Every structure is written in structure tokens, then in C-alpha cells.
Amino acid sequence: EYIQRKYSSQIQDASTLERYCTLIVQEIEQLQTMVDEFSKFARIPECILQKADLNAVIQATANFFSNVIPAKIQLHIETDQSLPALNLDAEQLKQALVNLIDNAAASIVESGDIYLRTHFDQNLSLATIEVEDNGTGVPVAMRDKIFEPYVTGKESGTGLGLAIVLQIVSDHRGFIRYNPVDTGGSNFRIELPAHL
């Protein structure tokens, strides 16, 4: 940016200078994103579990995305009101959901839907969260390793988003599963213990 300001008036082909400077800035921003992701993965904070309302975490995540998600994508919230308070680290779980919804949004090419659902199974004492989309889905060859570090289907991805999600869910003594959807999209199902 400094080079662009300093020399654009002195160079005959200012458009070429501007193009190269823009490219440099974009690459630096991409590197910063990668550094941030590596940093998060290397030092995920200790999970501190406290009684919290899972549906409130879902709603807070949805509120965050309502301001940043493209207009072409509809975010649908379906919460089970019978959910009891759970032992959660609300901020870390919100981060996991942000990663999943961000991936879902990136998989939608033109327009589509993302569903964020909660469910409580009293017999199993199990709370579930589902993030489902009707995007392009995960290629068959990647499905067995999507939670491994550095595996990504995005051009600009670091391959750490789902590894971070897996770590956060594991820290909650939970499980996460991926299933393809008939529409071609993805369904990520998180199961958390809900001991009453």
C-alpha cells in the first residue's frame, strides 16, 4: 500500500503497479489467515465446561451470521425446546459452529439453504446439533479424512477448520459425524452428552 501511494504518480503504467500492489496485499491477507488458523489449531484454549443453554448458543451463532452471510443463502434455525442446560464451553462451541456454517456457505454456488438444528433424546440423554446444507458436498475421496489437519477442498483453505471442530467436540466428550445428503449437500451431526 505504501509503494502504491508513493510511486503510482511517478510511473507511466500506473494500472500495472496497482494490479501488482493489489495482488501483494491479497497474498499477505491470505498468509495472515493461514497464520491465524495455525495459531488457533496449535493452542486451542482449555475447554471450560459450565451449565449453558445450547439453543442460546445456536441463536447467538445465527445472529452473527445474519450480518455476514450472503443474501443468496437462507439460514434456517430449528431448536428443540426440551433441551436441558448442558455442560458446555459456549464460546468454543460457537467457534465450531461458525467453522461448520462457513464451510456450508462456501459449498453453495448460486443460492441455497443451511439448516441449524438441535434435538434432545431423553432416553439416551443425548443432545444433537446438525448443520446441513444443499451445497456441492464433500468429494467421495475426501470423506474419510475431512477431520484430519491440512485436508481441504477449498482453494484458499488451510485444512484446519474441521480439525479444530473435531478437537472442540472431543473436548466436550462428544462425537461428530459427516453424512452426505440426497440433495448433494452435507450434514454434520454433533452428539453431546446431556446427563441430567
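Described in the following lines is the structure provided in the data block. What you see is a predicted model; the values in this text were computed from it and never measured. (Residues numbered from 1 in each chain as written. Predicted model: local features only at pLDDT ≥ 70, side-chain atom pairs only at ≥ 80, totals over all residues. Heavy atoms only, no water.)

Digging into the overall build of the chain
For step 1, the next point in the chain: Counting secondary structure elements, the chain contains 5 helices and 7 strands.
For step 2, the next point in the chain: Secondary structure of the chain in N-to-C order comes out as α-α-β-α-β-β-α-β-β-α-β-β.
For step 3, the next point in the chain: For the chain, the proportion of its 196 residues judged to be buried stands at 40%.
For step 4, the next point in the chain: Intrachain contacts of the chain at a sequence separation of at least 6 include 69% that bridge at least 24 residues.
For step 5, the next point in the chain: Of the roughly 11600 Å² that the chain leaves accessible, carbon and sulfur atoms contribute 51%. (Helix = DSSP H or I, 4+ residues; strand = E, 2+ residues; numbered from the N terminus. Buried < 20%, exposed > 50% of the residue type's maximum accessible area, 1.4 Å probe, protein only. Contact = heavy atoms within 4.5 Å. Areas by Shrake-Rupley, 256 points an atom, 1.4 Å probe, with all protein chains shown as cover.)

Quick notes on the packing of helix 4 (residues 90-106) against helix 5 (residues 161-171)
For step 1, the next point in the chain: Two elements in contact, helix 4 and helix 5, have axes whose closest approach is 9 Å; the angle formed by their N-to-C orientations is 145°. Our pair here, helix 4 against helix 5, has a crossing hand that is left-handed. Residues Q92, L93, Q95, A96, N99, L100 and N103 of helix 4 form the contact with helix 5, whose participating residues are G161, L162, I164, V165, I168 and D171.
For step 2, the next point in the chain: Partitioning the contact of helix 4 with helix 5 into residue classes produces 7 nonpolar, 5 polar and 1 charged. (Axes fitted to C-alpha atoms, helices over the stretch in contact; angles between N-to-C directions. Left-handed = near helix turned anticlockwise from the far one by under 90°. Nonpolar A, V, L, I, M, F, W, Y, C, P; charged D, E, K, R; others polar.)

With respect to the nonpolar core
For step 1, the next point in the chain: By size, the foremost hydrophobic cluster in this structure holds 41 residues, and its most contacted members are L54, I114 and I129.
For step 2, the next point in the chain: Broken down by element, the residue count for this core peaks at 8 residues, all from helix 4.
For step 3, the next point in the chain: With near-sequence residues (within four places) excluded, I129 lies in contact with L54, I58, L93, L97, L116, R117, F188, R189, I190 and L192. (Core = buried A, V, L, I, M, F, W, Y, C linked by side-chain atoms within 4.5 Å.)

A short note on the pairing of strand 4 (residues 112-121)
For step 1, the next point in the chain: For strand 4, the tally of buried residues reaches 7 of 10 residues, placing the bulk of the element in the interior.
For step 2, the next point in the chain: In terms of strand pairing, strand 2 (residues 73-78) meets strand 4 through 6 bridges, oriented parallel. In the strand pairing of strand 4, L75 is matched with I114.
For step 3, the next point in the chain: Across 8 bridges, strand 4 lies against strand 5 (residues 126-133) in antiparallel orientation. The residue bridging R117 from the neighbouring strand is E130, located in strand 5. (Pairing = 2+ DSSP bridges.)

As for helix 4
Structural remark: α-helix, 3.6 residues per turn; residues separated by three or four positions point the same way.
For step 1, the next point in the chain: Taking 1.5 Å per residue as the helical rise, helix 4 with its 17 residues ought to reach 24 Å, and the 24 Å between its terminal C-alpha atoms agrees with that figure.
For step 2, the next point in the chain: Taken together, the buried positions of helix 4 are occupied by Q92, L93, A96, L97, V98, N99, L100, I101, A104 and A105. (Expected span 1.5 Å × (residues − 1).)

Keep in mind these values describe shape, not function.
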